[in-house]
Amino acid sequence: MAALRYGHHVAKISAAPRSADVKALTGRPVDRKAGESALRDLVVDFFAHNSADYDIRAQLCTDIDRMPVEDASVLWPEELSAHEVVAVLHLPAQDAYSDARRRYADDVLSFSPWHALEAHCPLGSIMRSRRAAYPASSDFRHRLNDVEPQEPSDIKELPA
């Protein structure tokens, strides 16, 4: 987690399992023989039969010396600021890796933490480095794949 602006505050945002089925997977080892796509395969198998809920949490910075913004590797102490649930994300059971979704995610979509409202802008050195790196990677991938990038504005635009 790296820091970001949270309105008039600074926070780290995280997702934590809420559903019992997802919590039960926490800490479960993955077989070393499962291959390089083991995590993807486990996720695809899980969502083929299950939905999942996650708590979206904000942890506010209350002590800049013990909760640095510039060093994202430092975990912020819970005793200074507990994670507060600000939303619940529900993911329905689905074909999480259909061929159409894989192509759309790999070839069309891009991600940038800088694609945010000014009130939620990224903070810190790791986020500043991502400001240039993510668009450069996206531009290269779209040129290589000869695909125009798209930004969906509705969930209905995503392939099933």
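Okay, so let's go over this structure. (Residues numbered from 1 in each chain as written. Predicted model: local features only at pLDDT ≥ 70, side-chain atom pairs only at ≥ 80, totals over all residues. Heavy atoms only, no water.)

Re the packing of aromatic side chains
For step 1, the next point in the chain: Applying the stated rule across the entire model yields 2 aromatic pairs.
For step 2, the next point in the chain: Ring geometry for Phe46 and Phe47: centres 5.2 Å apart, planes at 85°, overall edge-to-face. In this structure, Phe46 and Phe47 share a single accessibility class: buried.
For step 3, the next point in the chain: On the basis of an interplanar angle of 55° and a centroid distance of 5.8 Å, the ring pair of Phe111 and Tyr134 is categorised as tilted. Residue Phe111 is found in the loop between α3 (99–108) and α4 (125–145), and its partner Tyr134 is found in helix α4; the two are separated by 23 residues along the sequence. (Phe/Tyr/Trp six-rings, centres within 6.5 Å; stacked < 30°, edge-to-face > 60°. Buried < 20%, exposed > 50% of the residue type's maximum accessible area, 1.4 Å probe, protein only. Helix = DSSP H or I, 4+ residues; strand = E, 2+ residues; numbered from the N terminus.)

A word on the packing of α3 against α4
For step 1, the next point in the chain: Where α3 meets α4, the closest approach of the two axes is 9 Å, and the angle between their N-to-C directions is 120°. Relative to α4, the element α3 lies oblique. Between α3 and α4, the residues in contact are Ala105, Asp106, Asp107 and Val108 and Arg141, His142 and Asn145, respectively.
For step 2, the next point in the chain: Taken together, the residues of the contact of α3 with α4 sort by class into 2 nonpolar, 2 polar and 3 charged. (Axes fitted to C-alpha atoms, helices over the stretch in contact; angles between N-to-C directions. Parallel < 35°, antiparallel > 145°, perpendicular 65-115°, else oblique. Contact = heavy atoms within 4.5 Å. Nonpolar A, V, L, I, M, F, W, Y, C, P; charged D, E, K, R; others polar.)

Things to note about the nonpolar core
For step 1, the next point in the chain: Counting 6 residues, the largest nonpolar core consists of Ala3, Val10, Met67, Val69, Trp76 and Leu123.
For step 2, the next point in the chain: Ignoring any residue separated from it by four or fewer positions in sequence, one finds Ala3 in contact with Val10, Ala11, Lys12, Val69, Trp76, Pro122, Leu123 and Met127.
For step 3, the next point in the chain: Judged by nonpolar contacts, the second largest core, of 5 residues, contains Val22, Phe47, Ala52 and Tyr54. (Core = buried A, V, L, I, M, F, W, Y, C linked by side-chain atoms within 4.5 Å.)

Description of the pattern of salt bridges
For step 1, the next point in the chain: Following the criterion strictly, the structure yields 7 salt bridges and no others.
For step 2, the next point in the chain: Notably, a salt bridge pairs Arg103 with Asp99, separated by 2.1 Å at the nearest N-O pair. Linking Arg103 with Asp99, this pair stays in helix α3, spanning 4 residues, or about one helical turn.
For step 3, the next point in the chain: Residue classification places Arg103 among the partly exposed residues on the basis of a relative accessible area of 39%.
For step 4, the next point in the chain: Accessibility expressed as a relative area gives 45% for Asp99, which makes it partly exposed.
For step 5, the next point in the chain: Between Asp106 and Arg102 there is a salt bridge whose closest N-O contact spans 3.5 Å. Here the residue Asp106 and the residue Arg102 both occupy positions in helix α3, the gap between them amounting to 4 residues, near one helical turn.
For step 6, the next point in the chain: Residue Arg102 is classed as partly exposed on the basis of its relative accessible area, which comes to 25%.
For step 7, the next point in the chain: Each of Asp99, Arg102, Arg103 and Asp106 takes part in one network of salt bridges that share partners. (Salt bridge = Lys/Arg side-chain N within 4 Å of Asp/Glu carboxyl O.)

Details of the pairing of strand β3 (residues 52–60)
For step 1, the next point in the chain: As defined by bridge partners, strand β2 (residues 9–17) adjoins β3 across 7 bridges and the pair is classed as antiparallel. For Ile13, the partnering residue across the bridge sits in β3 and is Ala58.
For step 2, the next point in the chain: In terms of strand pairing, β3 meets strand β4 (residues 84–91) through 7 bridges, oriented antiparallel. Its bridge partner being in β4, Asp55 is matched across the sheet by Val88. (Pairing = 2+ DSSP bridges.)

Quick look at α4
For step 1, the next point in the chain: Across its 21 residues, α4 extends 30 Å between first and last C-alpha, which sits within 8% of the 30 Å expected from 1.5 Å per residue.
For step 2, the next point in the chain: Within α4, the axis deviates most sharply at Arg131, by approximately 30°, and proline Pro135 lies no more than four positions further along.
For step 3, the next point in the chain: Contacts made by the buried residues of α4 are with β1 (3–6) and α3.
For step 4, the next point in the chain: Phi for Asp146, located one or two positions after α4, is positive at around 55°. (Expected span 1.5 Å × (residues − 1). Bend = angle between axes of the 7 residues up to and from the residue.)

Looking at the sheet that holds β1
For step 1, the next point in the chain: An order of β1-β2-β3-β4 is seen for the 4 strands of this open sheet, with the pairing classed as antiparallel. Strands at the two margins of the open sheet, each flanked by one partner only, are β1 and β4. Here the average twist between neighbouring strands, direction ignored, is 40°.
For step 2, the next point in the chain: Pairing geometry for β1 and β2, over 4 bridges, is antiparallel. Bridge pairing links Ala3 to Lys12 in β2.

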